[in-house]
Every structure is written in structure tokens, then in C-alpha cells.
Amino acid sequence: MPELPEVEVVRRGLARWVAGRTVAEVEVRHPRAVRRHLEGADHFVTTLTGRTFTAAHRRGKYLWLPLAEADGTPSARALVAHLGMSGQLLVEKPDEPDEVHLRARFRFTDGGRELRFVDQRTFGGLAVEDAPGGDDVPPRLAHIAIDPLDPGFDVEAFSAALRRRRTEVKRALLDQTLIGGVGNIYADESLWRARLHGARPTDKLTRTQVSDLLEGIRDVLGESLAQGGTSFDSLYVDVNGQSGYFSRHLAVYGQLDRPCPRCGTPIRRESFMNRSSYSCPHCQPRPRARRP
């Protein structure tokens, strides 16, 4: 599933290619694409036709594009998008052939490139949500925590909240109400950088360990952003259909039995919440089990 760097790359593309343009026509090709829009596909189409996308924002793994009325006044609503596991928001020339898994299309009054929502597995979705503050976070997304690259991220509050939890540190990192945008890939990479096993109890972390972990998170997210995100297959691409290249720089995630870049020990894989965790047995020793 796309994580912060991949979604941020898409947001930047939308800000460049879509913000400021007025919707001329909306076509919903598959009902699951707008299943989160509870009023239905027809209402979705009517609500967006003639509106202008004024900007492109992100909170965690969600995107939202505030809307303006035909006269330019804010509409207090926004198009909210979640890419799910395979969703893509592509900017294409109108004469480009339709993608096999095209789910929705937005044409614009300027006749230029159109916005297409493509989703092979149909786990992603689009909806028009209330957004009273325009550029402010829509209320339905307010529970998602600020991500560590946001200027408003509170380091002390995060550190205190993390250490108050009685859970494993990797589980905590995947909790979007604690820290936004971090998923399985970047959790593993950040823990490797901080020399922490994902099963380490959060309430046993020292301030130094939390600081090292946060530094690792910020570094790996920033480096991935610079590489356009992580692409393992054709399902994640930016708005122009280009893959990211950070997969070439992953230290542990997906690197089973390959040597640790730091010490040379073969990377291990462990089951974790119906998925996999990757770590170095030497650099990230598993903690001793808690005594009952």
C-alpha cells in the first residue's frame, strides 16, 4: 500500500497539473470507485461538475482537493482520495487509450490533460467530503495524526505518547492516530536505522531511542521522497505514470537472506499482523519476552 512518500509524490503532481482547473465532466466507470460517497455516483458527478480544484493537500495517506464554486467562492467541500493498495491518479492526454482498470475520469474546461483514477484491485476510492475550512483537514480525516515531515509535528508530544503505550514499537508506528503516513515498508526501514526490533515494548524505550527512531523515520521518508517513492511493480506510479526508485536503497524490507548493509548478517523475515517484518538479527536483536 502506498505510504507517505508515494502519496506525497502524487500530491505534488496534482498540485502541478490539476489545481486551479475547472471540471467540465465527470465519468464514473465503476461504482466501487465512489462507494465512500454515500449519496451515490450521480450525486458525486453533479457535485463536482463545474467546480474548480483550488489546491492539493495530504494528511497521512489521504489526499484532498478543495473545491470552489463557478464564481470562485470556496464551496466548503473537497474531493477526498485514498489510493488503497493499487489506486493511481494519472494525468493523461485526452487521446490516450483508456487504462484497463480505469474507474473514474475528470475532464476539464480548458480541454487539456484529464485526470484518471485507475485501480486494479478497487480497494481505493473517491468521495466528496465536507471541508468547512477549505484548505483545513476535512473532519473525517481529523483523527489521522500529523506526519513527521510536517512543520507542525510535535516531537515531545509524540515521544511522550509513544512511551505511554504498552505495545510493540512497530505496532505503534503503524497506528495512524499516533503518527501519520508510516506503513510497513518505512516502519521496518526506520527501525533498522534506529537499531530497534519491532517487538521492542514502547514503554521501555529511552528518550535517546525514541529520538534515534524519529530521526530514522524522517531520514528514510525524506530519502524516499527524493527518489519518487518505492515501486515494487507497476501498481504505484506518480501522476505521469513514472515509478519511484527507492526500492533500490532499501536496507531490510524485502531483503530476506541478503546481507545487512551495516554488519553483513543475513536479513530475516518474521510474520507480523498478517504481513511480514524484516530486520537484522545482529543489529536489531529481539527483546526478551515480558515476564507475566
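This is a predicted model, so every value here is computed, not measured.

**Q** Would you mind going over the pattern of salt bridges in detail, with residue names and values included?
**A** The full count for this structure, using the stated rule, is 26 salt bridges. Residues glutamate 129 and arginine 140 are paired through a salt bridge, measuring 2.6 Å at the closest nitrogen-oxygen approach. Here arginine 140 lies in the loop between strand 9 (125-130) and helix 3 (155-164) and glutamate 129 lies in strand 9, a separation of 11 residues in the sequence. In this structure glutamate 129 comes out as buried when scored by relative accessible area, which is 13%. Note on arginine 140: relative accessible area 36%, which makes it partly exposed. Arginine 268 is the partner of glutamate 270 in a salt bridge, and the nearest nitrogen-oxygen pair spans 3.7 Å.

**Q** Can you lay out the sheet that holds strand 6 (residues 87-92) for me, pointing to particular residues and giving the numbers?
**A** The antiparallel open sheet is built from four strands, whose spatial order is 1-7-8-6. In this open sheet, the two edge strands, each paired with only one partner strand, are strand 1 (23-28) and strand 6. Sheet twist, expressed as the mean angle between neighbouring strand axes with direction ignored, is 15°. Where strand 1 meets strand 7 (residues 102-108), five bridges bridge the pair, whose relative direction is antiparallel. Along strand 7, the bridge assignment pairs glutamate 27 with arginine 105. Those strands touched by helix 2 (residues 41-48) are strand 1 and strand 7, and its axis lies near 165° from that of strand 1.

**Q** Explain the side chain of arginine 268 to me, using residue names and the numbers behind them.
**A** Along the polypeptide, arginine 268 turns up in strand 10 (residues 268-272). Of the polar contacts made by the side chain of arginine 268, one reaches the side chain of serine 279; its length is 2.9 Å. Polar contacts involving the side chain of arginine 268 include one to the main-chain carbonyl oxygen of glutamine 284, which spans 2.7 Å.

The rules behind each value
Residues numbered from 1 in each chain as written. Predicted model: local features only at pLDDT ≥ 70, side-chain atom pairs only at ≥ 80, totals over all residues. Heavy atoms only, no water. Salt bridge = Lys/Arg side-chain N within 4 Å of Asp/Glu carboxyl O. Helix = DSSP H or I, 4+ residues; strand = E, 2+ residues; numbered from the N terminus. Buried < 20%, exposed > 50% of the residue type's maximum accessible area, 1.4 Å probe, protein only. Pairing = 2+ DSSP bridges. Axes fitted to C-alpha atoms, helices over the stretch in contact; angles between N-to-C directions. Contact = heavy atoms within 4.5 Å. Polar contact = N/O pair within 3.5 Å; in protein donor to acceptor, adjacent residues only side chain to side chain.

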